[in-house]
Amino acid sequence: MTDRLDRLAAKRSRTTAGGEDDGDDRPLSARQLTALVVARATSCAGFFAVLPYLGLWLVDSRGLTGADAGLVVGAAILANRAGGVLLVPLIHRLGLKASVGAGYLGAALAFAVLGAGLHLPAYGWLVVAALAGLSLAMATTAMKAQVAAFPPDQRLRGFSYLNMAVNAGSAVGPVIGGALLEWHAGWLPLAAAALDLVALAAVPALPGTWRGSDSPQRTAEGDDDGRKGRWLPQRPFVAFSLLVCGTWVAYAQVFDVLPAYLGDTISTRDLGLVFTLNAVLVVALQVPVSALSRRVLSRPRAGFGLLCTAANVILAAAVVLFAFGRTGGLGLLLAAMVLFTLSELVWSPLYDAQVGERRGTLSTTAAYALAGVAWGAAESAGAWLGTLLAVRPTVPGVLSPAAAPYWGAAALALLTGLAMSWSGRRTTDRRAPAGSTSDTPPSGHERNSHDVDMPARP
């Protein structure tokens, strides 16, 4: 009886704006999961095939100065990070599935223009690169909102597959781009366009319908939040988004700062092996680790807080090991990357799933767009500060100023884990009064599809 009431409550709380009712209560099929992975992996591969080499390609093949090429690359990154916020009204209008398709089509067209052999001024290349970033931001934001509309017991699974696809694509992309840059540089953007067309071909198999809607967003309580509510994040969502920034600052020290920190102490080939290990482990372990996470979430006295604390403690340990990377050798770096990856396998899909749970009166699309901006800004700030300190000539000791970003990142990860643990206990306490032994929510709080992915029972 309780399960039936839960399903009815979930159906009543399903969103209706912008096609955000694209999920359904049926389990995800293998075809739908395959479409998610193919679309996300190929689009990421296309973006990362171009982005690392875009500045060099513009200078060598299109004759731009280094300063102009830097502006073009920066425009592409900024549009990809923050573009989802600008496109939320359009996503609402088109609907989620149509927005994913439109995003991939726009990216394919932008990359095709880049590779068409045109002679444009610097601002022309900047506009085209920004359009590519905006298009991919639109597809990514809509796809995350689409996964957030899955039934509660399917969301973490969906985000886990997305994380696996992102890591696979971001690992394969630079390999494709590097090979094309040496073989036929003019084909570099065209290869990205072709990969985005493959992603577009997978869109019809994604879950959901193509329809959009102009009707106002309905909250989990069933009340119309109106158009103002879409852009007024409530305090719990703001607090969660800002707390998660600590994890992203720590993440930046590994993926953005590590090459500069290690400098000449480790070869480029060995460093590539370290990052390849991360991609291989994510692809191999994401599904079983996420299944384990779902079991932990479903256990009494367990839940989001416990998982986040454990993941951030492991992340802190990994970052500390990376601080010893200048003197510890390749073996230590590989061990640190194993720990880092185990942490990422938990917190990355878990944070994505929680955005939809904690969005309050925000539309799902706006919530993912705003969270993406906050986390992207945190990663960028962490990368800037970490690189600034890491490249300074100093003694290689682990207590040198160059290692300070890693010690600071470890402290931030620990504080984030503690804060999330406290937040998780408060959420559990609100959902069931002390001494309750029933799965039925407390009076006045109707359980719905926007609670936790698999609610912890008291």
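Cut-offs applied
- Residues numbered from 1 in each chain as written.
- Predicted model: local features only at pLDDT ≥ 70, side-chain atom pairs only at ≥ 80, totals over all residues.
- Heavy atoms only, no water.
- Helix = DSSP H or I, 4+ residues; strand = E, 2+ residues; numbered from the N terminus.
- Buried < 20%, exposed > 50% of the residue type's maximum accessible area, 1.4 Å probe, protein only.
- Contact = heavy atoms within 4.5 Å.
- Areas by Shrake-Rupley, 256 points an atom, 1.4 Å probe, with all protein chains shown as cover.
- Patch = residues over 30% accessible without salt bridge, like charges linked within 9 Å, V, L, I, M, F, W, Y side chains within 5 Å.
- Salt bridge = Lys/Arg side-chain N within 4 Å of Asp/Glu carboxyl O.
- pLDDT = per-residue confidence, 0-100.
- Phe/Tyr/Trp six-rings, centres within 6.5 Å; stacked < 30°, edge-to-face > 60°.
- Core = buried A, V, L, I, M, F, W, Y, C linked by side-chain atoms within 4.5 Å.
- Axes fitted to C-alpha atoms, helices over the stretch in contact; angles between N-to-C directions.
- Parallel < 35°, antiparallel > 145°, perpendicular 65-115°, else oblique.
- Left-handed = near helix turned anticlockwise from the far one by under 90°.
- Nonpolar A, V, L, I, M, F, W, Y, C, P; charged D, E, K, R; others polar.
- Expected span 1.5 Å × (residues − 1).
- Bend = angle between axes of the 7 residues up to and from the residue.
- Polar contact = N/O pair within 3.5 Å; in protein donor to acceptor, adjacent residues only side chain to side chain.

*Asks:* Any details on the overall build of the protein? Residues and values, ideally.
*Replies:* Looking only at helices and strands, the protein has 17 helices and 0 strands in total. Within the span of the protein, comprising 458 residues, buried residues form 52% of the whole. Put simply, of all contacts in the protein between residues at least 6 apart along the chain, 81% involve residues at least 24 apart. Counting every atom, the protein has about 19400 Å² of accessible surface; 66% of that belongs to carbon and sulfur.

*Asks:* Explain a nonpolar patch on the surface to me, and be specific about the residues and the numbers.
*Replies:* Where nonpolar side chains cluster on the molecular surface, the patch consists of Trp183, Trp187 and Leu190 and spans about 370 Å² of accessible area. With respect to the secondary-structure elements, Leu190 resides in helix α9 (residues 188–202). For Leu190, a relative accessible area of 35% gives the class partly exposed.

*Asks:* Give a detailed account of the pattern of salt bridges, specifying residues and quantitative values.
*Replies:* According to the stated counting rule, one finds 3 salt bridges in the structure shown. For the salt bridge of Arg155 with Glu357, the shortest nitrogen-to-oxygen distance reads 2.7 Å. One end of the pair, Arg155, is in helix α8 (residues 152–183); the other, Glu357, is in helix α15 (residues 325–357), with 202 residues separating them in the sequence. Relative accessible area serves as the criterion here: at 2%, Arg155 is assigned to the buried category. Assessed through its relative accessible area of 11%, Glu357 is described here as buried.

*Asks:* Got a sec to walk through the confidence of the model for the protein? Specific residues and values, please.
*Replies:* As a general rule, the predicted coordinates of low-pLDDT regions are not to be interpreted in detail. Across the protein, the average pLDDT comes to 79, with 79% of residues at 70 or higher. Predicted confidence is poor over residues 1–25, with pLDDT under 50, and the contacts of this stretch with residues over four places away or in other chains come to 65 contacts. Low pLDDT, under 50, characterises residues 428–458; the predicted model gives this stretch 63 contacts beyond four residues in sequence or across chains.

*Asks:* Now, about the packing of aromatic side chains: what can you tell me, with residues and values included?
*Replies:* The description of an aromatic ring pair rests on the distance of the ring centres and on the angle between the ring planes. Using the criterion set out here, one finds 19 aromatic pairs in the structure. A ring pair is formed by Trp248 and Tyr251, whose centres lie 5.0 Å apart and whose planes are at 65°; its orientation type is edge-to-face. One end of the pair, Trp248, and the other, Tyr251, are both in helix α11 (residues 235–255), 3 residues apart, so they sit about a helical turn from each other. For the pair shown, Trp248 and Tyr251 are each scored as buried. Aromatic side chains Tyr251 and Phe340 sit 5.9 Å apart centroid to centroid with 35° between the ring planes, which places their arrangement in the tilted category.

*Asks:* Hey, could you go over the environment of Phe111 for me, with residue numbers and the actual values?
*Replies:* Of note, Phe111 is situated in helix α6 (residues 96–114). Relative accessible area serves as the criterion here: at 3%, Phe111 is assigned to the buried category. Separated by 64 residues in the primary sequence, Phe111 and Phe47 have C-alpha atoms spaced 9.3 Å apart. Look past the residues within four positions of Phe111 in its chain and what remains in contact with it is Phe47, Val50, Ala132, Leu136, Pro189, Leu190, Ala192, Ala193 and Asp196.

*Asks:* Tell me about the environment of Thr141, and please be specific about residues and values.
*Replies:* Counting through the fold element by element, Thr141 comes out in helix α7 (residues 122–148). Between the C-alpha atoms of Thr141 and Gly372, which are 231 residues apart in sequence, the distance is 8.4 Å. Ignoring anything within four residues of it in the chain, the contact list for Thr141 reads Gly84, Ile91, Thr365, Tyr368 and Ala369.

*Asks:* Tell me about the nonpolar core, residues and numbers included.
*Replies:* With 114 residues, the main nonpolar core has Tyr104, Phe111, Phe322, Tyr351 and Trp375 as its most contacted residues. Per element, the largest residue contribution to this core is 12 residues, and it comes from α7.

*Asks:* With reference to specific residues and values, describe the packing of α11 against α15.
*Replies:* Relative to each other, α11 and α15 sit at 155°, their axes nearing to 12 Å. When the axes of α11 and α15 are compared, the pair comes out roughly antiparallel. Between α11 and α15 lies a crossing whose hand is left-handed. Together, Phe237, Phe240, Val244, Thr247, Trp248, Tyr251, Val254 and Phe255 of α11 and Met337, Phe340, Glu344, Trp347, Tyr351, Gln354 and Val355 of α15 make up the contact between the two elements. Residue composition of the contact of α11 with α15, by class: 12 nonpolar, 2 polar and 1 charged.

*Asks:* Run through α11, naming residues and quoting values.
*Replies:* Given a rise of 1.5 Å per residue, 21 residues ought to cover 30 Å, and the 30 Å separating the end C-alpha atoms of α11 matches this to within 8%. Of all the bends in α11, the greatest measures close to 25° and is centred on Gly246.

*Asks:* Hey, could you go over the side chain of Gln286 for me, with residue numbers and the actual values?
*Replies:* Secondary-structure assignment places Gln286 in helix α13 (residues 268–298). A polar contact is formed between the side chain of Gln286 and the side chain of Asn163, at a distance of 2.5 Å. Separated by 3.0 Å, the side chain of Gln286 and the backbone oxygen of Leu345 make a polar contact. Setting aside its immediate chain neighbours within four residues, Gln286 contacts Ser160, Asn163, Met164, Leu281, Leu345 and Pro349.

*Asks:* Tell me about the side chain of Asn278, and name the residues and values.
*Replies:* With respect to the helices, strands and loops of the structure, Asn278 is situated in helix α13. Residue Asn278 is classed as buried on the basis of its relative accessible area of 2%. In contact with Asn278, not counting residues within four places along its chain, are Asn167, Phe255, Met337, Phe340, Thr341 and Glu344.

*Asks:* Let's hear about the environment of Leu126: which residues, and what values?
*Replies:* Counting through the fold element by element, Leu126 comes out in helix α7. Of the residues examined, Leu126 reaches a relative accessible area of 30% and is grouped as partly exposed. Along the chain, Leu126 and Ala75 lie 51 residues apart, while their C-alpha atoms are 6.3 Å from each other. In this structure, Leu126 is in contact with Leu71, Val72 and Ala75, ignoring residues within four places of it in sequence.

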